[in-house]
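Structural description and commentary
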Amino acid sequence: QVQLVESGGGLVQAGGSLRLSCAASGLTFSSYGMGWFRQAPGKEREFVVVISPSSGITYYADSVRGRFTISRDNAKNTVFLQMNTLKPEDTAVYYCAAHRWMGFSSTRRYTQPNEYNYWGQGTQVTVSS
């Protein structure tokens, strides 16, 4: 049984930082690409970032590039999202997700929720102005 469990969300002031974690179990973690998505109230789930199994490839949404950093520790089956210079518009529930890695190209960037096989339950991030 695959489980993805996010943690590290909370309330922070604009300009602050948070570090999210996602612990995976029940899958061969080093074979899966990992992504972060977010969903604000009344909005669709939005792609944030993806990382390849070996960490050699990362791809960020324009809205977070330069502020957020994804990393992973395959020995601990954990993926991280370091979020700096947070803005009120970053407020959302953040989800981690896993997908079977099938390479990366201009037409395969794993930015769509339906490309992912497993999802966590989400962690709330609230950025106050």
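Residues numbered from 1 in each chain as written. Predicted model: local features only at pLDDT ≥ 70, side-chain atom pairs only at ≥ 80, totals over all residues. Heavy atoms only, no water.

Turning to its location among the elements, Tyr 95 is positioned in strand β9 (residues 92–100). Note on Tyr 95: relative accessible area 14%, which makes it buried. Considering only alpha carbons, one finds Tyr 95 and Ser 55, 40 residues apart in sequence, at a separation of 19 Å. Setting aside chain neighbours within four positions, we find Tyr 95 in contact with Glu 6, Gly 35, Trp 36, Phe 37, Gln 39, Arg 45, Trp 119, Gly 120, Gln 121 and Gly 122. (Helix = DSSP H or I, 4+ residues; strand = E, 2+ residues; numbered from the N terminus. Buried < 20%, exposed > 50% of the residue type's maximum accessible area, 1.4 Å probe, protein only. Contact = heavy atoms within 4.5 Å.)

Bringing unusual backbone geometry into the picture now. With a phi angle near 50 degrees, Asn 77 is a residue other than glycine that sits in the positive phi range. The topology assignment puts Asn 77 in the loop between β7 (68–73) and β8 (78–83). When its relative accessible area of 25% is taken as the criterion, Asn 77 is described as partly exposed. Non-glycine residue Thr 85 carries a positive phi angle of around 45 degrees.

Below, the discussion takes up the packing of aromatic side chains. Under the counting rule described, the total for this entry stands at ten aromatic pairs. Ring centres 5.7 Å apart and planes at 75 degrees place the aromatic pair Phe 37 and Phe 47 in the edge-to-face group. Pair noted here: Phe 37 is in strand β4 (residues 32–39) and Phe 47 is in strand β5 (residues 46–51), with a separation of ten residues, a long-range link. According to the relative accessible area criterion, Phe 37 is buried, its value standing at 0%. (Phe/Tyr/Trp six-rings, centres within 6.5 Å; stacked < 30°, edge-to-face > 60°.)

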